[in-house]
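If you want the building blocks of each chain, they are given just below.
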Amino acid sequence: MRFDSVRKEYAGSVAVDDLSLAVREGELLVLVGASGCGKSTTLRMANRLVEPTAGRIVLGDEDVTDVDPVALRRRIGYVIQNVGLFPHRTVAQNVATVPTLVGWDRRRTRDRVAELLTLVGLEPARYARRWPHELSGGERQRVGVARALATDPPVLLMDEPFGAVDPVGRARLQQEFSRLQRDLGTTVMMVTHDIDEAVRMADRVVVLSRGARVEQLASPLEVVARPATETVAGLVGRGRTARLLALGRLEPADLDAPREDDGSGHARPGPSVRLGAELGDVVTALTAAVECPDGTTVGVLDEAGRHVGTASAASVVRALHRLTAAGGARA
Ligand SMILES: Nc1ncnc2c1ncn2[C@@H]1O[C@H](COP(=O)(O)OP(=O)(O)OP(=O)(O)O)[C@@H](O)[C@H]1O
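All values derive from a computational prediction rather than experimental measurement.

### Looking at the sheet that holds strand S1 (residues 2–10)
Thought 1: Read from one edge to the other, the open sheet built from four strands follows the order S2-S1-S4-S5, with strand pairing classed as antiparallel. In this open sheet, the two strands that pair with only one neighbour each are strand S2 (13–22) and strand S5 (62–63).
Thought 2: Alignment of S1 against S2, held across six bridges, turns out to be antiparallel. The partner of arginine 2 across the bridge, within S2, is alanine 22.
Thought 3: Along the sheet face, helix H1 (residues 39–46) touches S1, S2 and strand S4 (54–59) and points at about 60° away from the line of S2.

Spelled out as structure tokens, the structure:
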């Protein structure tokens, strides 16, 4: 899906100024930015809930404005905060909405509903016949995702999909949804104002400012380690180090210089981490190492489990420097 110089004005005020953006097939692209910067408008133009004032949005090789909106919405799944489940339809009927509309027979629809409920972690026997008001917020959100995926759309739009879910349920949904998206290979454009959600879930993050101006479009690590503009820096500023620990990984260049008695290749007692481990996990291992005789380092193993060196707190600092130095965050 591609946006070419897209603009949207509402009665003289500009919501989206001049947006050009290519969404890669199979990626989870997250739009993040301050309230009112034009995220939802951007998303809603993709499925023609909002018509652009100028520019083109291309899906496959078709301009979406040439596609009948109803047909288009069958090809593009849409999930919003609070889901908008039909209150007087059961869970199964909600999930079956589009299959029924497009005329699938009963058996195919029933099988698909069961498959989807299982996919989103809701056991069909327990959930299919319930009403939306008999579900928790997180369960409702899962039904919303199942409904949006019913006819296996190539593109899924999600607007603050986990916004109404409590923090614990939310983290789990984020994780499960990321896995599901990777397995299905669905192209997803998701809107959030939560930078943590963005960097946790995205393949690439687009940071937008007023008028849907693209401040930065890059991998989560790149955005956190090397913010391109003041706006991006402001967004990732607080808690940046913690985010880098979660995103950055231990590389050979970060290890301590080998010592005479190090005997590379030989097993070493005490805690160890793998090359490529998350920096946060290295910190955890270092914390555990405090109890051991050589309390300031952990062993580092390669993929084959061979000892290749040691890491210390200085290694983590080196890694943080490496990531935030110019050209360093591409990993
Ligand atoms: N139907 C409308 N009529 C007039 N102005 C609108 C309409 N919808 C949105 N806007 C304006 O367009 C701008 C962008 O709105 P949009 O909802 O896309 O922002 P957003 O980034 O999704 O915000 P939020 O994070 O608060 O949901 C805002 O200034 C908003 O007031």
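### Regarding the site of the ligand
Thought 1: All residues in the neighbourhood of the ligand are listed as Tyr10, Ala15, Gly33, Ser35, Gly36, Cys37, Gly38, Lys39, Ser40, Thr41 and His193.
Thought 2: Considering every element that reaches the shell around the ligand, the biggest residue donor is H1, with three residues.
Thought 3: Here the shell around the ligand is composed, by residue class, of three nonpolar, seven polar and one charged.

### Let's talk about the domain arrangement of the chain
Thought 1: Each domain of the chain was delimited in the assignment, giving domain 1 (2–245) and domain 2 (248–324).
Thought 2: Here the C-alpha centroids of domain 1 and domain 2 sit 39 Å apart.
Thought 3: For the side of domain 1 that touches domain 2, the secondary structure elements donating two or more residues are helix H10 (220–225) and helix H12 (240–247).
Thought 4: Residue composition of the side of domain 1 that touches domain 2, by class: four nonpolar, no polar and one charged.

### Considerations on the nonpolar core
Thought 1: Within the largest apolar cluster, 83 residues are counted, with the highest numbers of intra-cluster contacts made by Val30, Ala46, Val95, Ala146, Leu157 and Val205.
Thought 2: Element by element, the count of residues in this core is highest for strand S3 (residues 28–33), at five residues.
Thought 3: The residues that make up this core include at least three from each of domain 1 (2–245) and domain 2 (248–324).
Thought 4: When near neighbours in sequence (up to four residues on either side) are disregarded, valine 95 contacts Val113, Leu116, Leu117, Val143, Ala146, Arg147 and Ala150.

Cut-offs and rules
- Residues numbered from 1 in each chain as written.
- Predicted model: local features only at pLDDT ≥ 70, side-chain atom pairs only at ≥ 80, totals over all residues.
- Pairing = 2+ DSSP bridges.
- Helix = DSSP H or I, 4+ residues; strand = E, 2+ residues; numbered from the N terminus.
- Contact = placed C-beta atoms within 7 Å.
- Axes fitted to C-alpha atoms, helices over the stretch in contact; angles between N-to-C directions.
- Near = placed C-beta within 6 Å.
- Nonpolar A, V, L, I, M, F, W, Y, C, P; charged D, E, K, R; others polar.
- Domains from an automatic or database assignment.
- Core = buried A, V, L, I, M, F, W, Y, C linked by C-beta atoms within 7 Å.
- Buried ≥ 20, exposed ≤ 12 C-beta atoms within 10 Å, placed from the backbone.

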